[in-house]
Amino acid sequence: MKITFRNFRIIDAFSDMTGNVRVNGGRIVDVVPESAARADPGIEDGGLVFDGGGRLVLTGGFVDMHAHFREPGSSEKETLESASLAAARGGYTSVVCMANTKPPIDNEEAAAFIKRRADTLGLTKLYPAISLTEGMGGKRLSPYLATGPSRENAYRPPLLSEDGRDVEDDGLFAAALRRAAANGHTVSCHCDLGGEDAAVERALRLGAGSRVHIAHVSTKGAVELLRRHKKLKPRSGITAEASPHHIALTHGDAEAAGAETFGKVAPPLRSEEDRLALVEALKDGVIDAIATDHAPHTEEDKLNGAPGFSGLETAFAVCYSTLVKRHNFSPQKLFSLLSAVPARILGLSGCGAVSKGGSADLVVLDTDRETVIDGAMFASRGKNTLFSGKKLYGAVVLTLCGGRIVYQQAF
Ligand code: DOR
């Protein structure tokens, strides 16, 4: 299908301009700046035309390195369909889902199966992570790491991860990191064992020479360790992410919601000092990307202490309100944290930018629109969010995944 976006503010990590974007058959076929747009002969060549009024923003679809889709095994919390819809509503056109399912995704076939099912839905591009150990049991390498990619190579995960827990055995953790590196894989490390700072120090030490990514950084101490490491070893390739809730909220918010119930998340919400350290680290590149850690649960599970918030549908508004409105990030910087950088870390070529020839994974944003968040209205089955009732700036109004409109609201 042909779609023309006319008179949009086109912003990605590389440029910021007003103009037109044309999409056809899943690809971006043209990006024309305003100065040349008047003479743009392609504009009337049929298909759908959206007008941005010179105000709406068009940017690369968001890329989430860290979400829990709960399939197989916990469809009461989330299904591939409800999570994919949540991703589309949140502007996420690529998502890595974590392996802590029931059973855990520890082999290529299971991951390929989940991916095929998600592809059939066509709502977001899903990339299941594969675990480091068998059944996430922490005893021996996962079948995927033990045997390496299959000859058919049905599916190559952009990330390996034991998220939800650490591999406690040093020898096994180091072996997993080495194996992963030998196959060119990045490993996302959960980092909770013995406290976040100690666990980050351990991952950096045992992961020397491997491609280590630190998940959901939440403490000032961890930020300092990363800052020092990146300074001393600028070529180590270490990367890190922070989650919207840690960027925007503190322990007081968790207490108000119930620190052991609805406000519970792993890692927990921290102090204002920690929060400000994360903001600073995102600003200066010590933390590379933003990832939602979308972790849906039923209300009953939350009452029983299950950690996690549903984050896909609020991530953009939370980050725009916090980082752009409150901490003076440029929109361009924010979009690169949400899109271009995670795409690069994951090795997803052709997405994360608005460029001719790239995949038509795009999102339209109304950065002036204010929305009162209501978790009950989420497409996700997990309705738990600490942002319910909060008025936030920035709305996703259209998501295009592979050239298909997968979400749209009036604009
Ligand atoms: O809050 C969290 N929830 N943190 C994790 O690391 C796991 C996740 C989950 O799977 O619910």
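Residues numbered from 1 in each chain as written. Predicted model: local features only at pLDDT ≥ 70, side-chain atom pairs only at ≥ 80, totals over all residues. Heavy atoms only, no water.

**Focus on the site of the ligand**
Thought 1: Around the ligand sit 14 residues in total, of which Arg70, Asn100, Ala266, His297 and Pro307 are the nearest.
Thought 2: Asn100 is positioned such that a nitrogen or oxygen atom in its side chain is 2.9 Å from an oxygen atom of the ligand.
Thought 3: In the model, a nitrogen atom of the ligand is placed 3.0 Å from a nitrogen or oxygen of the Pro307 main chain.
Thought 4: Contact with the protein chains removes 94% of the 290 Å² of surface that the ligand exposes when unbound.
Thought 5: Split into classes, the residues belonging to the shell around the ligand amount to four nonpolar, seven polar and three charged. (Near = heavy atom within 4 Å. Polar contact = N/O pair within 3.5 Å; in protein donor to acceptor, adjacent residues only side chain to side chain. Areas by Shrake-Rupley, 256 points an atom, 1.4 Å probe, with all protein chains shown as cover. Nonpolar A, V, L, I, M, F, W, Y, C, P; charged D, E, K, R; others polar.)

**Describing the sheet that holds strand S11 (residues 211-214)**
Thought 1: Pairing is parallel across the open sheet formed by five strands, whose spatial order is S9-S10-S11-S12-S13. Because the sheet does not close on itself, it has two edges, and the strands there are strand S9 (160-161) and strand S13 (289-290).
Thought 2: Strand direction decides the pairing type here: strand S10 (residues 186-189) and S11, joined by four bridges, are parallel. Each residue of the ladder has a partner; that of Ser188, found in S11, is His213. (Pairing = 2+ DSSP bridges. Helix = DSSP H or I, 4+ residues; strand = E, 2+ residues; numbered from the N terminus.)

**Quick word on unusual backbone geometry**
Thought 1: Omega for the peptide link from Lys102 to Pro103 comes to -5°, which places this bond in the cis form.
Thought 2: Inspection of the secondary structure puts Pro103 in the loop between strand S7 (92-97) and helix H3 (108-121).
Thought 3: Looking along the chain, the bond that leaves Ala266 and enters Pro267 is cis, with omega of -5°.
Thought 4: Along the chain, the position of Pro267 falls in the loop between helix H9 (251-262) and helix H10 (272-284).
Thought 5: With a phi close to 60°, Asn328 is a non-glycine residue in the positive phi region.
Thought 6: As for its position among the elements, Asn328 is in the loop between helix H12 (315-326) and helix H13 (331-346).
Thought 7: The class for Asn328 is exposed, based on a relative accessible area of 65%. (Buried < 20%, exposed > 50% of the residue type's maximum accessible area, 1.4 Å probe, protein only.)

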